[in-house]
2 protein chains.
Amino acid sequence: MRQSGAVSLPEPSRRDTRLDTYVDAYAERTHGLTVSAVRALFAVANRPEVVSLAGGMPNIADLPRDALAKAVDRLIAERGTQAMQYGSGQGEPFMREKIVEVMAEEQIHAHADDIVVTCGSQQALDLVTRVFCDPGDVVLAEAPSYVGALGTFHAYQCQVVHVAMDDAGIDPVALRGALVSLKAAGKRVKFLYTIPNFQNPTGVTQTLERRHAIIEIAKEHDLLIIEDNPYGLLTLDAQPMPALRSLEDENVVYLGSFSKIFAPGFRVGWALAPHAVREKLVLTQEAATLCPPVFSQFAIATYLEEFDWRAQITTYRDMYRERRDAMLTGLREHMLEGTTWTHPEGGFFVWVTLPEGLDSQAMLPRAVTARVAYTPGTAFYADGMGSRNMRLSFCFPTPERIHEGTRRLGQVLEQELELHRTFGLGAEAARHHDLTAGPAPDIS
Amino acid sequence: MRQSGAVSLPEPSRRDTRLDTYVDAYAERTHGLTVSAVRALFAVANRPEVVSLAGGMPNIADLPRDALAKAVDRLIAERGTQAMQYGSGQGEPFMREKIVEVMAEEQIHAHADDIVVTCGSQQALDLVTRVFCDPGDVVLAEAPSYVGALGTFHAYQCQVVHVAMDDAGIDPVALRGALVSLKAAGKRVKFLYTIPNFQNPTGVTQTLERRHAIIEIAKEHDLLIIEDNPYGLLTLDAQPMPALRSLEDENVVYLGSFSKIFAPGFRVGWALAPHAVREKLVLTQEAATLCPPVFSQFAIATYLEEFDWRAQITTYRDMYRERRDAMLTGLREHMLEGTTWTHPEGGFFVWVTLPEGLDSQAMLPRAVTARVAYTPGTAFYADGMGSRNMRLSFCFPTPERIHEGTRRLGQVLEQELELHRTFGLGAEAARHHDLTAGPAPDIS
């Protein structure tokens, strides 16, 4: 029952012109934190008539809700006084034991004592950055990289240096080059942040060869690796690749999450870290929250204990495979010549590169008007790159909606190219003029 | 079935002598974060034969567990796909509406839009400090103040300046004096952190007169007040006092929590802040966790919607009143002459001042051996004061156990005083020698 009418866009927000009487009182790190006007746009993108290929929400409709309800019912009745009480700052011991089991699926051999449970893996990233980074420190990240990580690095006033990648992952030559030139420039590189599996936003997976090369370079340069792996078990074509942490346990802090293999609303993620780092993470967690969500840990441990969670992951894989295939088929059918895209073997995302002259950020309001949304590529770079890219996610809409979304997107691109051919670069400037309240790179 | 034998103490931890290969890589703020040796001691204090008057855990045994279990069962079955999904970075709208209702009990008139939900109110404190404080900034706090707040301020490299208080709360003369001399010294004071009701650790409540005086001074000096109020509704003798935020809405950030009026394991707290500050808090929350625990918010909102939560608070009050009375009776019966203590009208804590010559920190291992635990006063000062004080909590043990605890404590004090009289200050020095692995001021 799709509506055929166009969507009307919201007025630009006037928030930022308001007087903030606290502006002189904020910490250095708070300056520059501003509300992106793209939020209003995404509020429109969430209307049912718009096919949103923008978000990263998993589809959890297939969870066995009724059975889960009964299990949590018993949990509260039988163990409620523990599940609703304060817990350990490091996370509950039985939760950490279960996390060891989950990580074993990716060939990681770990001890529960080296795990810190966090409020989603976003908080693990926050704590790691807090423990390691002073203002001005350099963090290396893939070009492009996860917008939420860039936001955290920004919040701790780090300098993000992007490292080139191709369809096999980070380019080892570029990584070595960056390390050498940053060292020559007297910069302190604190770590490499990488998503080796089905990367957000590109969908690219590091090959095994690249993994070994990256670990080799890390050892040479005494470089800590932060391995962020929320999608690793959501392989759609093959078996999971060995995690970096499974190949090297000294220089790697591994971040995991239940958000994609179970459900995100419980906010349970974790960090697996070398012992000394783990100690600092626990103390930092206690200062930040006293303890991570206790009831959530009891609920997730109950799920892992009483349900066939491996079979649920297989269910998820089958569901996402169908969606990934719908997107790739739709792109083949509807994209302009000169447009290219990645072919992810898992995860949630496809990364599209537009023909020269098109600007995904400038185009977004018109796409939303045509009832399709995506995330502009600029969101995933700390340095303003990515204007010819867009991230499309296939996780949440149905296969039919995904296919329809690519059709609408194809039409938008054709109109854009037509506009570009007719008016050339002048039109580009005029469009930018429209966008004073347009998308900013802090979309989450 | 109490055992009569003494408890044997753990060996001092040797962790801190291990090599930390990352020590050069940590951020400035991470240096000085070390594991306190008191943890091992408190692990012993948690054994059933020890009466622990040390912790701050609420007693949630009286919650209607079976009915709650059924309500959460229905929640998952009927609204599970929302409750287990990602949510708003600011917190769910219905949760914030309910929080407005809870705050109205303390005469606070607020709008749901000005609330940020957090992972416990500890995280609210963390986010507020992150938004306002650069390294070296001054934070004012009562002398003594909540150990978890001191830990957070320390984590952001703030300088804590304590302001004298008496049994009516913060001394306005001392507050004004501190502001004047800090200004003269060129220091930036970012805010006053205060717990006006049943303060942790003293149990003292600010009188209404003092509240007005503090607000007056805050206006004069353009001072932001962080009002931390986890215990406000747990009044044991009278009606709740009006919150500072109910008397002044411009210069106050109010922190609330469900940990004491419902249950802590869901980890839901909040900050109510002036609009501009709230905006910064939401952006900071998104960088820290993406969103606060979603399922927890659904569960707590369900509780507030379907249960008589005001009656539950009355149940809690009756339970804690009995425990508070048991402690005050026990102290009257068993304390040494020259020992004084506060008489809290609510909350969880009594603050004891020992006769001159006694040292609560030095004495703790011997108290634990005598099967009673408390928190040494030094934990609640950033400046090494508090050695003659101890915080006793009456929240968790039964009234009988509390009474027995005070009896054991009285015996320990007598033995200490005897030792002190016999050996004088030499013995004091000898005891300190025992304590190289003893309690440190970061007990949580």
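Conventions and cut-offs
- The residue numbering used here restarts from 1 in each chain and proceeds along that chain's sequence as written.
- To read the labels, note that chains go from A and ligands from 1, taken in the order they are written.
- Confidence filtering applies because this is a predicted model: local features only for residues at pLDDT of at least 70, side-chain atom pairs given and counted only at 80 or more, and all residues used for totals across whole chains, interfaces and linings.
- Here the side-chain values reflect all heavy atoms present in the structure, with hydrogen atoms and water set aside.
- Each helix is a run of H or I in the DSSP string that is no shorter than four residues. Each strand is a run of E no shorter than two, and both are numbered from the N terminus.
- Helix span is expected to be 1.5 Å times the residue number reduced by one.
- The cut-offs for exposure are 20% and 50% of the maximum accessible area for each residue type, with area from a 1.4 Å probe on protein chains only; residues under the lower value are buried, those over the upper are exposed, and the others partly exposed.
- Contacts are residue-level and defined by heavy atoms, with any inter-residue pair within 4.5 Å sufficient.
- Summed over both partners, the accessible area lost on bringing two parts together, with a 1.4 Å probe, is the buried area.
- Here, a salt bridge means any side-chain nitrogen of Lys or Arg that lies within 4 Å of a carboxyl oxygen of Asp or Glu.
- Polar contacts, as used here, are pairs of N or O atoms within 3.5 Å; protein pairs need one atom able to donate a hydrogen and one able to accept it. Residues neighboring in sequence count only if both atoms are side-chain atoms.
- Alignment of the copies relies on least squares applied to C-alpha atoms, considering only residues that score at least 70 for pLDDT in both.
- By nonpolar core we mean a set of buried residues, namely Ala, Val, Leu, Ile, Met, Phe, Trp, Tyr and Cys, connected to one another through side-chain atoms within 4.5 Å.
- Geometry of aromatic contacts follows a simple scheme: Phe, Tyr and Trp rings, the Trp one being its six-membered ring, pair when their centres are within 6.5 Å, and the pair is stacked under 30 degrees between planes, edge-to-face over 60, tilted otherwise.
- Each pair of strands is called paired provided DSSP finds at least two bridges between the two strands.
- Angles shown run from 0 to 180 degrees and are taken between the N-to-C directions of axes, each axis being a line fitted to C-alpha atoms and, for helices, limited to the stretch in contact.
- Each angle is binned into one of four classes, with values under 35 degrees roughly parallel, values over 145 roughly antiparallel, values of 65 to 115 roughly perpendicular, and all other values oblique.
- It is the rotation of the near helix from the far one that decides the hand of a crossing: anticlockwise by less than a right angle makes it left-handed, clockwise makes it right-handed.

1. Re helix H3 (residues 93-104) of chain B
Residue and element names in this part refer to chain B.
Okay, step 1: For H3, built from 12 residues, the straight-helix expectation of 16 Å at 1.5 Å per residue is met to within 8% by its first-to-last C-alpha distance of 17 Å.
Okay, step 2: When H3 is considered as a whole, its buried residues turn out to be Met95, Arg96, Lys98, Ile99, Val100, Val102 and Met103.
Okay, step 3: Looking at the buried side of H3, the elements it contacts are strand E2 (115-118), strand E8 (252-257), strand E9 (269-272), helix H10 (294-306) and helix H11 (309-334).

2. So, the environment of Leu392 of chain B
Okay, step 1: Here Leu392 of chain B shows up in strand E14 (residues 389-393).
Okay, step 2: In this structure, Leu392 of chain B is in contact with Leu53, Met327, Leu331, Phe348, Phe349, Val350, Val352, Tyr374 and Leu409 of chain B, ignoring residues within four places of it in sequence.

3. Quick word on the interface of chain B and chain A
Okay, step 1: Counting residues at the interface gives 82 residues for chain B and 83 residues for chain A.
Okay, step 2: The largest per-residue losses of area from chain B upon contact with chain A belong to Tyr22, Met84 and Tyr86 of chain B, which jointly make up 10% of the total buried on that side.
Okay, step 3: Where chain B touches chain A, the interface holds four salt bridges.
Okay, step 4: Across the salt bridge formed by Asp126 of chain A and Arg130 of chain B, the nearest N and O atoms sit 3.0 Å from each other.
Okay, step 5: Remark: the boundary between chain B and chain A carries 44 residue pairs in polar contact (both at pLDDT 80 or more).
Okay, step 6: Counting residues per element, the ones that place at least two in the side of chain B that touches chain A are helix H2 (65-83), helix H4 (120-132), helix H5 (147-155), helix H9 (275-289) and H10 of chain B.

4. As for the relation of the copies chain B and chain A
Okay, step 1: Least-squares fitting of chain B to chain A yields an RMSD of 0.0 Å, with the transformation described by 0.0 Å of translation along the axis and a rotation of 180 degrees. Seen this way, the second copy is the image of the first under a two-fold rotation axis. When each C-alpha of chain B is compared by its distance to the rotation axis, Asp73 of chain B comes out closest, at 2.6 Å.
Okay, step 2: Residue by residue, 99% of the interface of chain B is reproduced at the interface of chain A, so both copies engage with the same surface.

5. Thoughts on unusual backbone geometry
Okay, step 1: Going from Ala143 of chain A to Pro144 of chain A, the amide bond is cis rather than trans, its omega being 0 degrees.
Okay, step 2: Of note, Pro144 of chain A is situated in the loop between strand E3 (138-143) and helix H5 (147-155).
Okay, step 3: The peptide bond linking Asn200 of chain A to Pro201 of chain A adopts the cis configuration, its omega dihedral lying at 20 degrees.
Okay, step 4: A positive phi is found at Gln157 of chain A, a non-glycine position, where the angle reads about 60 degrees.
Okay, step 5: In this structure, Gln157 of chain A sits in the loop between H5 and strand E4 (159-166).
Okay, step 6: The backbone phi angle of Arg371 of chain B is positive, close to 65 degrees, even though this residue is not glycine.
Okay, step 7: Overall, Arg371 of chain B belongs to the buried group, its relative accessible area being 12%.

6. Observations regarding the nonpolar core
Okay, step 1: Within the largest apolar cluster, 170 residues are counted, with the highest numbers of intra-cluster contacts made by Phe258 of chain A together with Phe258 of chain B.
Okay, step 2: Sequence-distant contacts of Phe258 of chain A, defined by excluding residues within four places in its chain, comprise Met95, Ile99, Val102, Ala263, Val268, Trp270, Ile300 and Leu304 of chain A.

7. Points about the packing of aromatic side chains
Okay, step 1: Summed over all chains, the structure comprises 31 aromatic pairs over all chains.
Okay, step 2: Measuring from ring centre to ring centre gives 5.5 Å for Phe153 of chain A and Tyr193 of chain A, while their planes differ by 75 degrees; the resulting arrangement is edge-to-face. Of the two residues, Phe153 of chain A is situated in helix H5 and Tyr193 of chain A in strand E6 (residues 189-194); the sequence distance between them amounts to 40 residues. You'll find Phe153 of chain A and Tyr193 of chain A in the same group, each marked buried.
Okay, step 3: When the centroid spacing of 4.9 Å and the interplanar angle of 45 degrees are considered together, the rings of Tyr320 of chain B and Phe348 of chain B count as tilted. Taken as a pair, Tyr320 of chain B in helix H11 and Phe348 of chain B in the loop between strand E10 (340-341) and strand E11 (349-353) lie far apart in primary sequence, 28 residues in all.

8. Let's talk about the sheet that holds strand E14 (residues 389-393) of chain A
All names here are of chain A.
Okay, step 1: As summarised here, the arrangement of the four strands in space is E10-E11-E14-E13, forming an open sheet in which the pairing is antiparallel. Either end of the sheet is taken by a strand with one partner, and the two such strands are strand E10 (340-341) and strand E13 (375-376).
Okay, step 2: For strand E11 (residues 349-353) and E14, the ladder comprises five bridges, and the chain directions are antiparallel. Each residue of the ladder has a partner; that of Val350, found in E14, is Leu392.

9. Brief notes about the packing of helix H3 (residues 93-104) of chain A against helix H10 (residues 294-306) of chain A
Residue and element names in this part refer to chain A.
Okay, step 1: The N-to-C vectors of H3 and H10 enclose an angle of 45 degrees; their axes lie 10 Å apart at closest approach. Our classification of the angle between H3 and H10 gives oblique. Helix-helix and strand crossings are classified by hand; for H3 and H10 the assignment is left-handed. Here Phe94, Met95, Lys98 and Val102 of H3 lie close against H10, whose contacting residues are Gln297, Phe298, Ile300, Ala301, Leu304 and Glu305.

Scope: geometric values only; no functional claims are made or implied.
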